[in-house]
Amino acid sequence: MAMNNPNRPQSNTNDAVSAAENFLADLKERAEEAFNRDDKFMFSLMKQLIGVTSPIVTRALARYHREERARINGLGKDKQSGPNRTTRLGD
């Protein structure tokens, strides 16, 4: 998967995250517009699309944030290999 690459360009990933959030927001706006126009067909369609899309986007964003935290946490691990490195007993 593209998100697993630690050397990936940050701007491309941030753009993808923004695009996913904007896509979901656009669907929600279109659903509201259809509701306000009393367009039952489009409103029903938008509700179904949001129901499918929202969990996918939510999981993808959560994964992105987990991987970012792991990447940031891993930055300091490379520098802890000296004599002052803390370890657990028995390691």
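Scroll up a little and you will see the structure.
Predicted model only: the values in this text are computed from it and were never measured.

Participant: Could you clarify how one ought to interpret the environment of valine 17 in this entry?
Facilitator: Looking at the element boundaries, valine 17 is found in helix α1 (residues 10–36). Using a relative accessible area of 11% as the deciding quantity, one classes valine 17 as buried. Residues valine 17 and leucine 61, 44 residues apart in the sequence, show an inter-C-alpha distance of 6.8 Å. Ignoring anything within four residues of it in the chain, the contact list for valine 17 reads Leu61 and Tyr64.

Participant: I'm lost on a negative patch on the surface in this one. Help?
Facilitator: A grouping of Asp26, Glu29, Glu32 and Glu33 is seen on the molecular surface, where their side chains present a negatively charged patch. Mapped onto the secondary structure, glutamate 32 falls in helix α1.

Participant: For this particular structure, what's the right way to read the nonpolar core?
Facilitator: Generally speaking, soluble globular proteins have nonpolar side chains that are buried together. Counting residues in each nonpolar core, the largest one holds five residues, listed as Val17, Leu24, Val57, Leu61 and Tyr64. If you list the elements that add at least two residues to this core, you get α1 and α2 (40–75). It is α2 that provides the largest number of residues to this core, a total of three residues.

Participant: Teacher, can you tell me more about the pattern of salt bridges here?
Facilitator: Where charged atoms from two side chains of opposite charge approach closely, those side chains can pair. Across all of its chains, the model carries four salt bridges by this definition. For aspartate 39, the salt bridge is made with arginine 37, and the minimal N-O distance between the two is 3.5 Å. Classification of aspartate 39 by relative accessible area gives partly exposed; the value is 24%.

Participant: Looking at this model, I keep getting lost on the side chain of threonine 53. Mind explaining?
Facilitator: With respect to the helices and strands, the residue threonine 53 is situated in helix α2. With sequence-adjacent residues up to four places away left out, threonine 53 is seen in contact with Phe23, Leu24 and Leu27.

So, how was this worked out
Residues numbered from 1 in each chain as written. Predicted model: local features only at pLDDT ≥ 70, side-chain atom pairs only at ≥ 80, totals over all residues. Heavy atoms only, no water. Helix = DSSP H or I, 4+ residues; strand = E, 2+ residues; numbered from the N terminus. Buried < 20%, exposed > 50% of the residue type's maximum accessible area, 1.4 Å probe, protein only. Contact = heavy atoms within 4.5 Å. Patch = residues over 30% accessible without salt bridge, like charges linked within 9 Å, V, L, I, M, F, W, Y side chains within 5 Å. Areas by Shrake-Rupley, 256 points an atom, 1.4 Å probe, with all protein chains shown as cover. Salt bridge = Lys/Arg side-chain N within 4 Å of Asp/Glu carboxyl O. Lys, Arg positive; Asp, Glu negative; His and termini not counted. Charge placed at Lys NZ, Arg CZ, Asp CG, Glu CD. Core = buried A, V, L, I, M, F, W, Y, C linked by side-chain atoms within 4.5 Å.

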